[in-house]
Each structure stands twice: as C-alpha cells, then as structure tokens.
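Tertiary structure, described
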Amino acid sequence: MVLLLYDRGTIVVKGLMHIPFATLDPRTNSLRAQALNYYDIIRYLRESDLEYTDQVLELIPSPDFAVKDVSLRDYQQEALNRWTRVGMRGCIVLPTGGGKTIIGIKSIETVNSATLIVVPTLDLMHQWTEVLSTHITNISVGNLGGGSDEIEAITVATYDSAYLRAPSLGDKFSFVIFDEVHHLAAPGYRSIAEQLAAPYRLGLTATIEREDKLHLDFPRLVGGGVVFEIHPNELAKSKHLAPYEIKRIHVEMTPNEQSEYQKNFGAYQLCLKKLGIRANYPGSFRRLIMMSTKNSLARDALLARNKAMDIALNSKSKLETLRNILAENSGVKTIIFTQHNSLVYSIADKFFIPAITHKTDKLERKDVLLGFKEGRYLAIVTSKVLDEGVDVPDAKLGIIVSGTGSGREYIQRLGRLLRPQLDSTRGTDQKAKLVEIVSSNTRETGTSERRKKALIRINQKRKEGQED
C-alpha cells in the first residue's frame, strides 16, 4: 500500500521505490517530491491502478461558497469555461478593467473548497477582501500581510507573506489563485507554488510575458499555460472597454541639455568600448551592472549613462509640452506617469497636482484617489505604484512623461484608461487617449519604440491565436 503525506512543502511517498516527480530521501528511505507535484502523483497512481492512501490535504473546513450579485460577460464566461475544461489549472489573461477579480470569484464558487489568493500588494489584498465579502455569503475572509495573520477558508495573502508561510499552508487549501501571476515566476516567489499541494490553480494577469522569459515556467507552476486571452482592442469593439488611441510627441531638448546629454552618453559608450561590451547585445547592461561592483570604469559608465538618461527624461521641453497638453485638455481626468519619483514631485510642485508614490501613506493615497473619482482633482501624477494592484477611478487621458521599454508596464498604464465611459451629451462612448512625450535624438526614442513593438507583438499574437 502506498501512503502519501505532506511535510513542510513536500510530498512524502511511502511504499514505492520509484515514481515520476519524486526522488529518494535517504534520511527516511522514502520518496519525496515538491508539493507542486501532488496533482500529477495522484494522476499517475490512478492511471497505474496502484492502491494508495492519501493523507496529504488537511483542508480548512469551508461552507458551500454561494456567489451573489455577479453575472459574467460572454468573454468572462468563456474564460471560466476553458479553465474548467482543462481541469481547473492554468492562466487567464485579461486587460486591466476586463474583470479578472470577478472571474476569480466565480472560479472559487466552481471549485467550492478552501481557497488561497496570493496578491502582490496590500492594496490588492484589501480590494480582494472587500469584493469577496460583498459577493460570497456567510464567510469571513482571512488576511496574511500588513500585520494581519488570520487564516480562513478563503484567505488573501501577499506574495511576501505567502512566501514565508508556504511550508505551513501547503496542505490547507485545495485551490490557489495567483493574482498578477507574472510575479510568481521570480526566483523567490516561485517557491510558493512549489510548496503548495493545491491541485486546482488559476493565474490572473493583464500581461503574462516577462522580459527574462521566466513566464515559460508557468505551465509547471500553475499547472497549465494560458487557457484564455483577450486584447483591449477586442473588448473596446464590444464596448466592454473604452476605445483608445495612442499618440507620441517628440520634443527637442534645449541646446544645453542636448550638449550635456551627448557628453555623458558619449562617455558611457567610450567606457563600454574599453570594457569590451557591446551596447545592444542581450544581457550587456546586466553584465555592466555586475562588473560595476568591482570595476571603476564600469561604475563610471553607469554614472554617465544614468546622468544622460536623467537629462533626457527630465527635459524642460517635456514639462512645457506637458503644460500645453494639460491646457488643451482642461477638465479631462488625467493620470501622468513618470519613471522616477523625483520627476513626480517636480511635476506635482510645478502644476499643483497631487502625487502618489510608494512613500504616500495609505490615508493620503485613499484621499487622492477618492478626490480623483469625485472630481475634486482632475489630474494625478505617479511613478509606478498605480501600474497594478490599485483600483484607479476612471480617467480619460494618460500622459507618459518617462518610462521604461517594458511592454508590461506600457499595457498596464494603458489599462488605467480603458474603463467604459459615456458622453452624457451625445450618448456615445468616449475615447481614451495615451500620450507619450519623448526626447528626440536620445536613447528614449528606442525605449518608446520597444513599447510600441510590445503592443504590436501582443496584438499579432492574439490574431494568430484566433486564426488557429
């Protein structure tokens, strides 16, 4: 007789000397596997007609989860159906505003068993808790993170807390939802998935691809790849999201800025040449960073590059262009995005606009977002903290003053604008607009081009999927 036990993030298999996914533990003379493989081990034993006793899961007792006041749109129902058909394992990719949380709630009702939801931020932990408490009757939602330590049949935990508690939680839940699942692939966080025995798994995100390609590990970590994906264009056509347009404005830096930029960027390139590093070769920048810890020339290269980019990102011409855009769109709800907090505070001071950064305390952030929703503030400026994990009230205009070339960041910022809005005077949908301000004749033009290509690539991938 084969016996399966859970032990601190692993499955112990007694009574067999060979089984896929497991290796011999000489300390106990039994087989041991990552808890992640529980689903596959059970399937192997059943298909092999082997008798076994399963003592892995000690689930938190849970009532029947009945969801109220939730109806799925056609694409949300299709996403849930596809996930269910493949064994309730895999990832769903929806744009921001597409209703990922609602699908998550219905998936909990479908599995109807103890559920752990893992989220990247405390804001998201509180948002999930509020929505779950509203739509699922007769439950208390547990929280792990931000000083909370309450484990219930439905528990919402931050990635950091789940990482610390995974060995002790791994046998308590049969279903786990990884919200903003792209975080899960990180070297530390992936151990959460590896130490949970939960056979049913769902990954939710608007942007699943990572530049380091670690998203290729999701079939193993989440039990399946992407089972459903839809692009903002499609939801805009069906009026589930606002239609949108993207505009790029190239500005010339002042002569002094251009001169300083060229001097510093030239110094950066010269250092690379002396170091034997090809500037555009994949991994070259990471190599430079690693070298800079011990090599003074590499440190000089980084300092020169950073100074050049600071000049390009913080050009006076950009701020004048921003002033003109705000004047032309007076009365339009606007979110201004920047790469660094220093520019956030500069814009906030210059234009008397409330700012939100990671340093903004919870009460102030709540007041700013509420004021934006109510119309007390018509514009807010932020760095990266609103890219994901925060329920941002409706905005019609987004302005990227500076940013990275990350496709994920770009799509998340676009998603902040896509909630459907109706023009009360015309009865028609208002079009959202995302404007990029880019310094000409700098590396920032390449950064903008990478963002553009990322959006094109995702569009093309989705079209190819439809054709298949």
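Residues numbered from 1 in each chain as written. Predicted model: local features only at pLDDT ≥ 70, side-chain atom pairs only at ≥ 80, totals over all residues. Heavy atoms only, no water.

**Section: the packing of aromatic side chains**
Using the following cut-off: Think of it this way: a Phe, Tyr or Trp ring, Trp meaning its six-membered ring, pairs with another when their centres are within 6.5 Å, and the plane angle makes it stacked under 30 degrees, edge-to-face over 60, tilted otherwise. Elements are defined by DSSP. Helices are runs of H or I of four residues or more, strands are runs of E of two residues or more, and each kind is numbered from the N terminus. Burial here depends on accessible area, computed with a 1.4 Å probe over protein chains only, as a share of the maximum for the residue type. Under 20% is buried, over 50% is exposed, and the range in between is partly exposed.
Summed over the entire model, instances satisfying the criterion amount to 4 aromatic pairs. Where Tyr 261 meets Phe 265, the ring centres are 5.6 Å apart and the plane angle is 5 degrees; that geometry is what we call stacked. With Tyr 261 and Phe 265 both in helix α9 (residues 255-275) and 4 residues apart, this pair spans about one turn of that helix. Assigned by exposure class, Tyr 261 and Phe 265 land together as buried. Measuring from ring centre to ring centre gives 5.5 Å for Phe 265 and Tyr 268, while their planes differ by 45 degrees; the resulting arrangement is tilted. One end of the pair is Phe 265 and the other is Tyr 268, both in helix α9 and 3 residues apart, which spans about a single turn. With respect to class, Phe 265 is no different from Tyr 268; both count as buried. By the ring-pair criterion, three or more aromatic residues cluster together here, those being Tyr 261, Phe 265 and Tyr 268.

**Things to note about the nonpolar core**
Our working rule: Put simply, buried Ala, Val, Leu, Ile, Met, Phe, Trp, Tyr and Cys residues joined by side-chain atoms within 4.5 Å make one nonpolar core. In what follows, a contact means two residues having at least one pair of non-hydrogen atoms within 4.5 Å.
Membership of the largest hydrophobic core comes to 59 residues, with the highest contact counts inside it found for Ile 92, Leu 132 and Phe 178. Apart from the residues lying within four places of it in its own chain, the contact partners of Ile 92 are Ala 79, Trp 83, Ile 103, Leu 202, Gly 203, Leu 204, Thr 205, Val 227 and Phe 228.

**A few points about the side chain of Ser 292**
The criterion, for reference: Contacts described as polar in this section are N or O atom pairs within 3.5 Å, which, within protein, must combine one atom able to donate a hydrogen with one able to accept it, while residues neighboring in sequence count only if both atoms come from side chains.
Secondary-structure assignment places Ser 292 in the loop between α10 (284-291) and α11 (296-313). A relative accessible area of 11% places Ser 292 in the buried class. Side-chain polar atoms of Ser 292 contact the backbone oxygen of Ile 289, separated by 2.6 Å. In this structure Ser 292 touches Ala 298, Arg 299 and Leu 302, once residues within four positions along its chain are discounted.

**A closer look at helix α5 (residues 159-169)**
Put simply, the rule is: It is the directions from the helix axis to the C-beta atoms whose arc is reported.
Listed in full, the buried residues belonging to α5 are Tyr 159, Ser 161, Ala 162, Ala 166 and Leu 169. One side of α5 carries all its buried residues, which in axial view fall inside an arc of 140 degrees. The inward-facing, buried residues of α5 contact β1 (2-7), β7 (115-119), β8 (141-145), β10 (154-158), β11 (175-179) and α6 (190-195).

**Re the pairing of strand β12 (residues 200-205)**
Going by this rule: A pair of strands is treated as paired once DSSP finds two or more bridges between them.
Here β12 lies mainly inside the structure; 5 of its 6 residues are buried. Pairing analysis gives 5 bridges linking strand β6 (residues 89-93) to β12, with the strands arranged parallel. Directly across from Val 93, in β12, lies its bridge partner Thr 205. Across 5 bridges, the pairing between β11 and β12 is parallel. Looking across to β12, one finds that Phe 175 is bridged to Tyr 200.

**Quick look at unusual backbone geometry**
A positive phi angle, close to 55 degrees, is found at Asp 49, a residue other than glycine. Relative to the elements of secondary structure, Asp 49 occurs in the loop between α1 (38-47) and β5 (52-55). The class of Asp 49 is exposed, set by a relative accessible area of 70%. Here Asn 112, not a glycine, exhibits a phi torsion of approximately 55 degrees, which is positive.

**Some thoughts on the side chain of Ser 383**
Along the chain, Ser 383 falls in the loop between β17 (379-382) and β18 (397-400). Leaving out residues up to four positions away in the same chain, Ser 383 has contacts with Phe 337, Thr 338, Gln 339, His 340, Asn 341, Val 344, Ile 356, Thr 357 and Arg 413.

**Digging into the sheet that holds β11**
To keep it simple, the criterion reads: To obtain each axis, a line is fitted to C-alpha atoms, and for helices this fit is confined to the stretch in contact; angles are then taken between N-to-C directions over 0 to 180 degrees.
Strand order across the open sheet formed by 8 strands is β9-β8-β10-β7-β11-β12-β6-β13, with mixed pairing between neighbours. Here the strands that pair on one side only, and so sit at the sheet edges, are β9 (148-149) and β13 (226-229). Note: β8 against β9, 2 bridges, orientation antiparallel. Within β9, the residue paired with Leu 144 across the bridge is Asp 149. Along the sheet, helix α4 (residues 122-135) contacts β7, β8, β10, β11 and β12; its crossing angle with β8, the most-contacted strand, is approximately 175 degrees. Packing against the sheet, α5 makes contact with β7, β8, β9, β10 and β11, and its axis sits at approximately 125 degrees to β10.

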